[in-house]
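# Overview (structure and organization)
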Amino acid sequence: MALLGGGFSTDEDGLLDDWLLDNARGDRPKVCFVPTASGDAPAYIDQFWRAFEPRDCEPSVLPLFRRELDDDSLRTSLLSQDVVYVGGGNTANLLAVWRAHGVDRILRDAYDRGTLLCGISAGANCWAEGSHTDSFGPLTFLRDGLGLLPGSVCPHYDSEPGRRTGYREAVAAGMLPPGWAVEDGVGALFLDGRLEEAVSTTPSARLYRVEADGGDGSGERALPCRLLTGSG
């Protein structure tokens, strides 16, 4: 599993997407973009095609608002992927639509079979037990994620006003379990719920572990990130 603080939708350098493909199984991985959180926005889908068609992979897109596959074909398609790449948007709506179509259950099976699950913003939030989100307008906490990644996630930790303070308050109050705060430009790779590697496209971007401090507050711990360059 990989949490992304960037990628094709926000970055021009392509470093996080290259890193992602380097961690996928196979020489030419199958990469399925799932744009549910944006309502299958056509412009977002076009961005994905422009970014991944030139790469050494087999890209595809799974639309759910105009669903094209029956239940058996949907399951077969998702379980055949090497990477499931989930886009940003509304985390709460994403989870509701996935559950209505049974995608949540299929993704659990895909994860157990070794598929690399990843995404940015809502596409990072969805994998954890809970997350810090603006799905309901003001920033707040959401506690019914898929739970494939223990703990909670907060995206845009350094770039959106209120993220750092709001997330730390939610963890301190027990509204969210301890978790991972992802700054823009960071990628975090997990294996069986354990952090394997953190990378960054800029020297200043960080991944943080945020935990309650045993009192009324919370603490954050910056974790080392390997700086990505054009050479890997």
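A few points on the structure. (Residues numbered from 1 in each chain as written. Predicted model: local features only at pLDDT ≥ 70, side-chain atom pairs only at ≥ 80, totals over all residues. Heavy atoms only, no water.)

### Some words on the sheet that holds strand β6 (residues 128-133)
To keep it simple, the criterion reads: At least two DSSP bridges between two strands are needed for those strands to be called paired. Put simply, DSSP H or I for four residues or longer makes a helix, DSSP E for two residues or longer makes a strand, and each gets a number counted from the N terminus. Angles shown run from 0 to 180 degrees and are taken between the N-to-C directions of axes, each axis being a line fitted to C-alpha atoms and, for helices, limited to the stretch in contact. Any two residues having at least one pair of non-hydrogen atoms within 4.5 Å are treated as being in contact.
Strand order in this open sheet of 6 strands is β7-β6-β8-β9-β12-β13, and the pairing throughout is mixed. Taken across any chain shown, the strands that pair with only one partner, and hence form the sheet edges, are β7 (140-142) and β13 (218-223). Adjacent strand axes in the sheet meet at a mean angle of 25° when their direction is disregarded. Across 4 bridges, strand β9 (residues 179-182) lies against strand β12 (residues 207-212) in antiparallel orientation. Residue pairing in the sheet places Ala 181 in a bridge with Tyr 208 of β12. Its contacts with the sheet place helix α7 (residues 163-172) against β6, β7, β8 (149-154), β9, β12 and β13, and it is angled at close to 35° to β12.

### So, helix α5 (residues 103-112)
Let me state the cut-off plainly: The buried label applies to any residue whose accessible area, calculated with a 1.4 Å probe on protein chains only, is under 20% of its type's maximum; exposed applies above 50%, and partly exposed to all values in between. The directions considered for the arc run from the helix axis to the C-beta atoms.
For α5, the set of buried residues is Val 103, Asp 104, Ile 106, Leu 107, Ala 110 and Tyr 111. Axial view of α5: buried residues confined to an arc of 160°, hence all on one face. Facing away from the buried side of α5 by over 90 degrees, the exposed positions are Arg 105 and Asp 112. Next to the buried residues of α5 lie α3 (71-79), β4 (83-86), α4 (91-101) and β5 (116-120). Phi for Gly 114, located one or two positions after α5, is positive at around 100°.

### Structural notes on the pattern of salt bridges
Pairing is possible between side chains that carry opposite charge, provided their charged atoms lie close to one another. Formally: Salt bridges are defined as contacts in which a side-chain nitrogen from Lys or Arg sits within 4 Å of a carboxyl oxygen from Asp or Glu.
The tally for this structure, following the rule as stated, stands at 12 salt bridges. Ionic pairing is found between Glu 183 and Arg 164, a salt bridge with its closest N-O pair at 3.7 Å. Of this pair, Glu 183 sits in the loop between β9 and β10 (186-191) while Arg 164 sits in helix α7, and the two are 19 residues apart along the sequence. What makes Glu 183 buried here is its relative accessible area of 6%. For Arg 164, a relative accessible area of 28% translates into the label partly exposed. Shared partners join several salt bridges into a network, and the residues in it are Arg 164, Arg 168, Glu 183 and Glu 220.

### Let's talk about unusual backbone geometry
Non-glycine residue Ser 121 carries a positive phi angle of around 60°. Relative to the elements of secondary structure, Ser 121 occurs in the loop between β5 and α6 (122-125). A relative accessible area of 14% places Ser 121 in the buried class.

### Description of the nonpolar core
Stated formally: Residues enter a nonpolar core if they are buried and are Ala, Val, Leu, Ile, Met, Phe, Trp, Tyr or Cys, with the set joined through side-chain atoms within 4.5 Å.
Membership of the largest hydrophobic core comes to 42 residues, with the highest contact counts inside it found for Leu 3, Trp 98 and Trp 127. In this structure Trp 98 touches Val 34, Thr 36, Leu 64, Val 86, Val 103, Asp 104, Leu 107, Cys 126, Trp 127 and Leu 146, once residues within four positions along its chain are discounted. Val 31, Ile 45, Phe 48 and Leu 189 belong to the second-largest nonpolar core, a separate cluster that totals 25 residues.

### Description of the pairing of strand β11 (residues 194-200)
Alignment of β10 against β11, held across 6 bridges, turns out to be antiparallel. Within β11, the position partnered with Val 186 by the bridge is Ser 200.

### A few points about the pairing of β10
In terms of burial, β10 is largely enclosed, as 5 of its 6 residues are buried. The turn joining β10 and β11, which pair antiparallel and follow one another in sequence, is formed by 2 residues; a positive phi near 55° is taken by Asp 192.

### Quick word on empty space enclosed by the protein
The line we're drawing: Using only the protein atoms, space was sampled on a 1 Å grid; points where a 1.4 Å probe fits but cannot get out form cavities, open sets with protein on both sides within 12 Å along at least five of seven lines form pockets, and lining residues are those with an atom within 4 Å of a point. Grid points are joined across faces, edges and corners, and a volume is the space filled by probe spheres set on the points. Three classes are used, and their members are as follows: Ala, Val, Leu, Ile, Met, Phe, Trp, Tyr, Cys and Pro are nonpolar, Asp, Glu, Lys and Arg are charged, and the others, Gly among them, are polar.
For the coordinates displayed, the defined rule picks out 1 cavity of 30 Å³ or more. What lines the largest cavity is simply Leu 4, Gly 5, Ile 120, Ser 121, Ala 124, Pro 155, His 156, Val 182 and Asp 184. The residue makeup of the lining of the largest cavity, split by class, is 5 nonpolar, 3 polar and 1 charged.

### Details of the packing of α3 against α5
This is how the line gets drawn: When the near helix sits turned anticlockwise from the far one by under a right angle, the crossing is termed left-handed; a clockwise turn instead gives a right-handed crossing.
Their axes nearest at 9 Å, the elements α3 and α5 cross at an angle of 35°. Here α3 runs over α5; the crossing is right-handed. Across the interface between the two elements, Leu 74, Arg 75, Leu 78 and Leu 79 of α3 pack against Val 103, Ile 106, Leu 107, Asp 109 and Ala 110 of α5. Looking at the contact of α3 with α5 residue by residue, the class counts come to 7 nonpolar, no polar and 2 charged.

### Comments concerning the sheet that holds strand β1 (residues 2-4)
Reading across from one edge, β3-β2-β4-β5-β1-β10-β11-β14 is the order of the 8 strands in this open sheet, with mixed pairing throughout. Every interior strand has two partners, whereas the edge strands, β3 (58-61) and β14 (226-227), have only one. Where β1 meets β5, 3 bridges bridge the pair, whose relative direction is parallel. Counted as the bridge partner of Leu 3 is Gly 119 from β5. Packing against the sheet, helix α2 (residues 42-52) makes contact with β2 (30-34), β3, β4 and β5, and its axis sits at approximately 175° to β3.

Structural measurements only, silent on function.
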